[in-house]
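A structural walkthrough
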Amino acid sequence: MAIISICENSTTFNKLDEIYSKYYTQSYECKSSFGFAETFRKLNIETVNHYVSSSGDFALGVGSFLVDGLYLDKEALRKVLEDFDFSTFSRSRITGVFCIAIYKSGILTVFVDENSNYDLYYCLEQENVTITNSYYHLALSLGKKAIDNVAVAQKLFYGNILGTKSPILGIQKLQGNQCIQWEANAGWRILPYKRDISNSEENIIHFTINRFKKIGKLFDSSSVFMTGGQDSRLMLAFLLAQGFKPELIYGESDSPSLITRSTDKHIVESISKRLNLPIAIKNWSEDRTKYTLNLEKYGEYL
C-alpha cells in the first residue's frame, strides 16, 4: 500500500506527514502554488511513484498500473505527464487500480481509474483542501468525528457505500467519472471526467487481451491470487495466454471479510495439478491483538 497526500494547508499536511511517517518511507515531497504534496512507498515492494520534469511539472501515482501496456513506475508517469491534456487524454491507456496526480502548466489534476476501484478521499473545506487514500487518516488529521449514519448502514448491509459518501460527514470519495482540479484563477473544483470504457462483454474481453499483449516483456515471473471463482480463473486464463506459468496463491483465513472455504481451496489445488502450476497456501488469519496498531498503520484497510 502506497500513500499520496495533497493538502492546501501546511498544518494539515504536517499532521498527515506525522501519521504516515511512523510506518511508511517518504518517496517525494513538494511545495507548490496549490499547497503541498507527498508520496510514500509501498511497504514491501520497491516502486517509484513520482516523476518530475526539467520544468518542475510532476506526476504522482499510487496503486498498480501500466501505461500503454508497456510502461511501469517512473516511465509510466513520465509518459502520462508528457501526453496529458485534460480534454483529450484517455485514461483507457492506463490499466490498473490507481490514483494519479498531474501538475502541468500551473494546473493540478487528480483522478482515479475509470472503474472507481481505487479509494481516494477528499475534503474541500475552504483554505483546508485535503486529499489522501484513507478516510480514517483524513478524519484524524482534520479532527472530524461526525458519522454519516446512512453511509455506515450501506456499508454494513450492502458491503459498499453508494456514490461519493464516506462514513465520515464532510469527507467524500472520488469517483471514476470525476477529477479534482486546481488552478490559480478558479481554485479547487470537482469536475466531470469522461470515461472511455465500455461495459459490453465483447469490448471488455477485447480491451483486456490487447492490454495484456505486451505484459510478458515486463515481467520474468508472475503469480495470481486464486479464490476458485470466475474472476481469478479469468485472470489466470489471460496470463496463460501470454505464455506465463504463474504461481497460484491461495490464502486461508479466519477473517469474516475473506470467507475462505475448503471447497475453494480444493478447486485451486485441482487447477494447479491439472495445469502443472506451482501453488502456495498462505495463512492470512488476523492477529486481533494488534487491532489498534493496525488501525493506526493501515486505517480502514486493516
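Provided above is the structure to which this section pertains.
Predicted, not measured: the structure shown is a model, and the values here were computed from it. (Residues numbered from 1 in each chain as written. Predicted model: local features only at pLDDT ≥ 70, side-chain atom pairs only at ≥ 80, totals over all residues. Heavy atoms only, no water.)

1. Examining a nonpolar patch on the surface
Taken together, the side chains of Leu156, Phe157 and Tyr158 present a nonpolar region at the surface, about 480 Å² in accessible area. As for its placement among the helices and strands, Phe157 is situated in helix H4 (residues 149-158). (Patch = residues over 30% accessible without salt bridge, like charges linked within 9 Å, V, L, I, M, F, W, Y side chains within 5 Å. Areas by Shrake-Rupley, 256 points an atom, 1.4 Å probe, with all protein chains shown as cover. Salt bridge = Lys/Arg side-chain N within 4 Å of Asp/Glu carboxyl O. Helix = DSSP H or I, 4+ residues; strand = E, 2+ residues; numbered from the N terminus.)

2. As for the sheet that holds strand E8 (residues 121-125)
Spatially, the six strands line up as an open sheet ordered E2-E3-E1-E9-E8-E10, and their pairing is antiparallel. The strands lining the two open edges of the sheet, one partner per strand, are strand E2 (26-32) and strand E10 (172-173). Judged from the five bridges that link them, E8 and strand E9 (residues 128-132) form a sheet pairing that is antiparallel. Bridging from a neighbouring strand, Glu125 pairs with Asn128 of E9. Together, strand E1 (3-7), E2, strand E3 (35-40) and E9 form the strand contacts of helix H1 (residues 10-21), whose direction differs from that of E3 by roughly 10°. (Pairing = 2+ DSSP bridges. Contact = heavy atoms within 4.5 Å. Axes fitted to C-alpha atoms, helices over the stretch in contact; angles between N-to-C directions.)

3. Concerning unusual backbone geometry
One non-glycine residue, Asp68, lies in positive phi territory at about 55°. Within the fold, Asp68 resides in the loop between strand E5 (58-67) and helix H2 (73-83). Residue Asp68 is classed as partly exposed on the basis of its relative accessible area, which comes to 23%. One non-glycine residue, Asp73, lies in positive phi territory at about 50°. By the element assignment, Asp73 lies in helix H2. (Buried < 20%, exposed > 50% of the residue type's maximum accessible area, 1.4 Å probe, protein only.)

4. Digging into helix H7 (residues 262-275)
Each α-helix winds once per 3.6 residues, and so residues spaced three or four apart point in a common direction. With 14 residues, H7 ought to run about 20 Å at 1.5 Å a step, and its terminal C-alpha atoms sit 20 Å apart, in line with that. Every buried residue of H7 is accounted for by Asp264, Val268, Ile271 and Ser272. Looking straight down H7, one finds that the buried residues subtend no more than 100° of arc, so they occupy a single side. Residues Ser262, His266, Lys273 and Arg274 are exposed on H7 and point more than 90 degrees away from its buried face. Packed against the buried residues of H7 are helix H6 (230-241), strand E14 (247-252) and strand E15 (279-283). Where H7 ends, the next residue or the one after it, Asn276, has phi of about 55°, a positive value. (Expected span 1.5 Å × (residues − 1). Arc of directions from axis to C-beta.)

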